[in-house]
Amino acid sequence: MSLAGKRILLVISGGIAAYKSLDLIRRLRERGAQVRPVMTAGAREFVTPLAVGALSSGHVYTDLFSREDEQDVGHIRLARDCDLIIVAPATADLMAKMANGLAEDLASTVLLATDRPVLVAPAMNPKMWSHAATRRNVETLRRDGLSFVGPNAGEMAEGGEAGLGRMAEPLEIVAAAEDLLDGGRKPLAGRRAVVTSGPTHEPIDPVRYIANRSSGRQGHAIAAALAKLGADVTLVSGPVTLPDPRGVKVIKVERAEEMLAAVLGALPADIAVMVAAVADWRVATENTEKIKKTPGEGPPPLMLAENPDILKTIGHHAQRPKVVVGFAAETQDVEDNGRVKLRKKGADLIVANDVSPETGIMGGTRNSVKLITAAGIEEWPDLSKDEVAGRLAGWIAERLS
Ligand code: C5P
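Residues numbered from 1 in each chain as written. Predicted model: local features only at pLDDT ≥ 70, side-chain atom pairs only at ≥ 80, totals over all residues. Heavy atoms only, no water.

Trainee: Please explain the side chain of Lys20 as it appears in this structure.
Mentor: Topologically, Lys20 is positioned in helix 1 (residues 18–30). For Lys20, a relative accessible area of 9% translates into the label buried. Excluding residues that lie within four positions of it along the chain, Lys20 makes contacts with Arg166, Met167, Ala168, Glu169 and Pro170. (Helix = DSSP H or I, 4+ residues; strand = E, 2+ residues; numbered from the N terminus. Buried < 20%, exposed > 50% of the residue type's maximum accessible area, 1.4 Å probe, protein only. Contact = heavy atoms within 4.5 Å.)

Here it is as structure tokens:
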């Protein structure tokens, strides 16, 4: 009952994703929350107040000028008598009103009158989401301190179009609400963590380098998830295009040797999660000038040298962190290779994932992993990289407790 006793005002606006809000009400109530729904006129075109009222077991508020609604609680009390307001789905129109302080129906008035935290779950056509006006409004609302969950990428409910705009799934909205309402639970407070993420770039000459397809998504998500649980996190990142996670100290490096130096510099730590896809080899002798292409001479020979193994170094270090986690990106014999790695690298846990091309995991947004420890193997279902990160941070917190 993670939301026991929490009072949630759910504002439903007019998008096809309103059908998912019915499930959201169930999920919130299952966790002990009381849900008071407010529906816009648009929302009532998609789902009926009867259905919303039946699921929330109470009155559905729809009308700013209704004597009955005003006598019941009144729009100002409606706006304040709750622990959290969730806007799901939030249409482009409602977000535009919120960003500009308009108050022309019950939903927009409540959102202007509230002093409670607000969680917004946008849902709209991808073109509307990427429109400059929506981008400005979202930016304004974020600056005003509102929180967002989603939208996600995928097929639109109306069919035919794909892209960013699908409302976050009810359980993702529930998780975001739990996070917002549970800022006090920090099991990793006082713990230090070092996380590596992304690829490394090993220079061939001043313009060329050896790299790999790692996006850094999983490593960055883990750094963020550990920070969320209160850890003091240093993220050592190879070259990626991701924004720095909030609340995390980021050290940017290019080569494996720089990454190792930065990780050693972050010791002592309680937790090390080595997610980076470190290049196994670098070019042995660095070319300070660009290698010229000379016709008739063929390609230049490239001598490679082995890079340091950062995980192995940390796993056997005098200042070894209490929990050392490695990743094993494999394309075959995922479990056997994971077990061997656990031993060789001195890790407590190897998170093994199959990165064969058909899984699309390397550089993708989802991951299906197996946890290999001395005690055995645990398989997790296919999850988003953020979900894997959240669960892994929980696993680490438990191990340290
Ligand atoms: O040996 P392999 O590259 O498969 O091991 C993967 C794990 O080891 C990952 O956790 C990765 O971050 C780490 N690693 C490392 N330094 C290397 C190679 C791998 O830290 N040079």
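Picking up where we left off.
Trainee: For this particular structure, what's the right way to read the nonpolar core?
Mentor: For soluble globular proteins, nonpolar side chains are generally found buried alongside one another. With 34 residues, the main nonpolar core has Val195, Ile222, Leu226, Val233, Val273, Leu392 and Ile396 as its most contacted residues. Among the secondary structure elements, those contributing two or more residues to this core are strand 8 (192–197), helix 11 (217–228), strand 11 (232–237), strand 13 (271–274), strand 16 (323–330), strand 17 (349–354), strand 19 (369–373) and helix 15 (385–400). Considering each element in turn, this core owes the most residues, eight residues, to helix 15. When neighbours within four sequence positions are excluded, Ile396 is seen to be in contact with Leu226, Ile271, Val273, Val323 and Val325. The next biggest cluster of nonpolar side chains, apart from the first, holds 31 residues, and it includes Val52, Ala88, Ala168 and Val174. (Core = buried A, V, L, I, M, F, W, Y, C linked by side-chain atoms within 4.5 Å.)

Trainee: How should the site of the ligand be read in this particular structure?
Mentor: Looking at the ligand, the residues that line it are Met274, Val275, Ala276, Val278, Pro308, Asp309, Ile310, Leu311, Gly326, Phe327, Lys341 and Lys345. Contact distances for the ligand include 2.7 Å between an oxygen atom and a backbone N or O atom of Phe327. For the ligand, whose free accessible area comes to 440 Å², the fraction covered by protein is 86%. Going through the elements one at a time, helix 13 (310–315), strand 16 and helix 14 (334–345) are the ones with two or more residues in the shell around the ligand. Here the residues of the shell around the ligand are counted per class, giving eight nonpolar, one polar and three charged. (Near = heavy atom within 4 Å. Polar contact = N/O pair within 3.5 Å; in protein donor to acceptor, adjacent residues only side chain to side chain. Areas by Shrake-Rupley, 256 points an atom, 1.4 Å probe, with all protein chains shown as cover. Nonpolar A, V, L, I, M, F, W, Y, C, P; charged D, E, K, R; others polar.)

Trainee: I keep staring at the domain arrangement of the protein and nothing clicks. Help me out?
Mentor: Often, the extent of an interface is quoted as the loss of accessible area on bringing the components together. Segmentation of the protein into domains returns domain 1 (7–181) and domain 2 (192–400). For domain 1 and domain 2, the distance between their C-alpha centres works out to 38 Å. (Domains from an automatic or database assignment.)

Trainee: What am I meant to see in the environment of Thr234 here?
Mentor: If you trace the backbone, Thr234 turns up in strand 11. For Thr234, a relative accessible area of 9% gives the class buried. The spacing of Thr234 and Ala4 is 230 residues in sequence and 34 Å in space, taken between C-alpha atoms. The residues touching Thr234, leaving out its near neighbours within four places in the chain, are Ala193, Val194, Val195, Lys249, Ile251 and Ala266.

Trainee: When you look at the sheet that holds strand 13 in this model, what are you seeing that I'm missing?
Mentor: Sheet strands pair via backbone hydrogen bonds, and the direction of the pair is either parallel or antiparallel. With mixed pairing, the eight strands of this open sheet are ordered in space as 12-11-8-13-16-17-19-20. The outermost strands of the open sheet, each flanked by one partner alone, are strand 12 (249–252) and strand 20 (376–379). Within the sheet, the average angular offset between the axes of one strand and its neighbour, ignoring direction, is 15°. Examined bridge by bridge, strand 16 and strand 17 share six bridges and lie parallel to one another. Note on strand 17: the bridge partner recorded for Phe327 is Val351. Helix-sheet contacts for helix 15 involve strand 13, strand 16, strand 17 and strand 19, and the interaxial angle to strand 16 is about 145°. (Pairing = 2+ DSSP bridges. Axes fitted to C-alpha atoms, helices over the stretch in contact; angles between N-to-C directions.)

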